[in-house]
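Fold and geometry: a report
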Amino acid sequence: MMSSSLKKPPKIENVTLWNGVQMPQIAVGTAFFDPKGLHSTGKRYFALLPERAYRSVTLAIEAGIRHIDTAYVYRTHEAIRAVLGGMFASGELTREDVFITSKIFHGDKGIGPKGTALMIDDLSPEEVEKEVTRHFEKSLIELGVGYVDL
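In this text, all values refer to a predicted model and were calculated from it rather than measured experimentally.

Let's talk about the overall build of the protein chain
Check the secondary structure of the protein chain and you find three helices and seven strands. The helix and strand sequence of the protein chain, counted from the amino end, reads β-β-β-α-β-α-β-β-β-α. Looking at the protein chain as a whole, 37% of its 150 residues qualify as buried. Just so you have it, the protein chain exposes about 9,300 Å², and 57% of that area is on carbon and sulfur atoms.

As for the sheet that holds strand 5 (residues 99–101)
Pairing in this open sheet of three strands is parallel, and the strands run 3-4-5 from one edge to the other. At either margin of the open sheet sits one strand with a lone partner, and together these are strand 3 (28–29) and strand 5. Note: strand 3 against strand 4 (residues 67–69), two bridges, orientation parallel. Across the sheet, the residue bridging to Gly-29 is Asp-69, located in strand 4.

A look at the packing of helix 1 (residues 53–62) against helix 2 (residues 77–90)
Relative orientation of the contacting elements helix 1 and helix 2 amounts to 40 degrees, with a least axis distance of 8 Å. The angle between helix 1 and helix 2 falls in the class oblique. Our pair here, helix 1 against helix 2, has a crossing hand that is right-handed. Every residue of helix 2 that contacts helix 1 at Ala-53, Tyr-54, Val-57, Thr-58 and Ile-61 is listed here: Ala-79, Ile-80, Ala-82, Val-83, Leu-84 and Met-87. Residue composition of the contact of helix 1 with helix 2, grouped by class: 10 nonpolar, one polar and no charged.

Some thoughts on the nonpolar core
Core analysis: the largest hydrophobic core is formed by 18 residues, its most contacted members being Ile-61, Ile-68, Leu-84 and Ile-100. At the level of elements, helix 1, helix 2 and helix 3 (125–143) are the ones that each hand at least two residues to this core. Considering each element in turn, this core owes the most residues, four residues, to helix 2. Leave out the neighbours within four places in its chain, and Ile-68 touches Val-28, Thr-30, Val-57, Ile-61, Ile-80, Leu-84, Val-98, Phe-99, Ile-100 and Thr-101.

Overview of the packing of aromatic side chains
Following the criterion strictly, the structure yields zero aromatic pairs and no others. Positioned over the ring face of Tyr-147 is Arg-95, at 4.0 Å from the centre of the ring.

Here we look at the pattern of salt bridges
Between side chains of opposite charge, a pair can form as their charged atoms come close. In this structure the tally under the stated criterion is four salt bridges. Between Glu-142 and Lys-138 there is a salt bridge, with the nearest N and O atoms lying 4.0 Å from each other. With Glu-142 and Lys-138 both in helix 3 and four residues apart, the pair spans about one turn of that helix. When its relative accessible area of 38% is taken as the criterion, Lys-138 is described as partly exposed.

Here we look at unusual backbone geometry
Although it is not a glycine, Arg-75 adopts a positive phi angle of roughly 65 degrees. By the secondary structure assignment, Arg-75 is in the loop between strand 4 and helix 2.

Overview of the environment of Phe-99
Structurally, the position occupied by Phe-99 is in strand 5. Taking C-alpha positions, Phe-99 is 8.5 Å from Asp-69, a pair spaced 30 residues apart along the chain. Setting aside its immediate chain neighbours within four residues, Phe-99 contacts Val-21, Gln-22, Met-23, Pro-24, Arg-66, His-67, Ile-68, Asp-149 and Leu-150.

The rules behind each value
Residues numbered from 1 in each chain as written. Predicted model: local features only at pLDDT ≥ 70, side-chain atom pairs only at ≥ 80, totals over all residues. Heavy atoms only, no water. Helix = DSSP H or I, 4+ residues; strand = E, 2+ residues; numbered from the N terminus. Buried < 20%, exposed > 50% of the residue type's maximum accessible area, 1.4 Å probe, protein only. Areas by Shrake-Rupley, 256 points an atom, 1.4 Å probe, with all protein chains shown as cover. Pairing = 2+ DSSP bridges. Axes fitted to C-alpha atoms, helices over the stretch in contact; angles between N-to-C directions. Parallel < 35°, antiparallel > 145°, perpendicular 65-115°, else oblique. Left-handed = near helix turned anticlockwise from the far one by under 90°. Contact = heavy atoms within 4.5 Å. Nonpolar A, V, L, I, M, F, W, Y, C, P; charged D, E, K, R; others polar. Core = buried A, V, L, I, M, F, W, Y, C linked by side-chain atoms within 4.5 Å. Phe/Tyr/Trp six-rings, centres within 6.5 Å; stacked < 30°, edge-to-face > 60°. Lys NZ or Arg CZ within 6 Å of the ring centre and 35° of its normal. Salt bridge = Lys/Arg side-chain N within 4 Å of Asp/Glu carboxyl O.

Next up, the structure:
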C-alpha cells in the first residue's frame with residue numbers, strides 16, 4: 001500500500017527470467033564515481049561517492065522505478081537501507097514492491113575500498129564458498145533485507 005506521498009508509478013515492463021522471476025526492465029544504478037578521483041594527498045584513486053545514493057534512490061522510487069542495482073564494492077548498501085527502510089516503515093513500500101540486484105566483486109585489489117573485493121584466485125573451492133557467503137551475508141545486513149532478488 002502506498003501513501004499519498006508516492007504517486008502511482010508509471011507502468012514499467014518486466015522481463016521474465018529463465019526461472020520465471022519477473023524483473024523490471026529499468027533499474028536505478030547506485031555506483032557513483034568521483035570524476036576527480038583525487039585523495040587529499042594528491043594521488044589518483046578509484047573513488048566512489050555512496051552519499052549520492054540517498055537522493056538518487058529516493059527520486060527513482062518516487063518516479064516509479066522499483067529495481068535497484070547495487071554492489072558490495074559501490075558502498076551504497078547502507079544508503080539504500082536507509083531509504084528503503086524509511087519507506088518500509090511508513091508503509092509506502094513493502095519489500096515485495098522492490099527488486100534488488102547486488103553483486104560481489106572479484107577483481108583487482110586497487111578497485112574499491114579495502115575488503116570489498118574478493119581475491120579468490122588462490123583459494124580452494126571450499127574457501128571460495130566461505131568468502132562468497134561471507135560477502136553475501138554482509139550485503140544482506142548492510143541492505144537491511146532478508147534476500148536479494150538477483
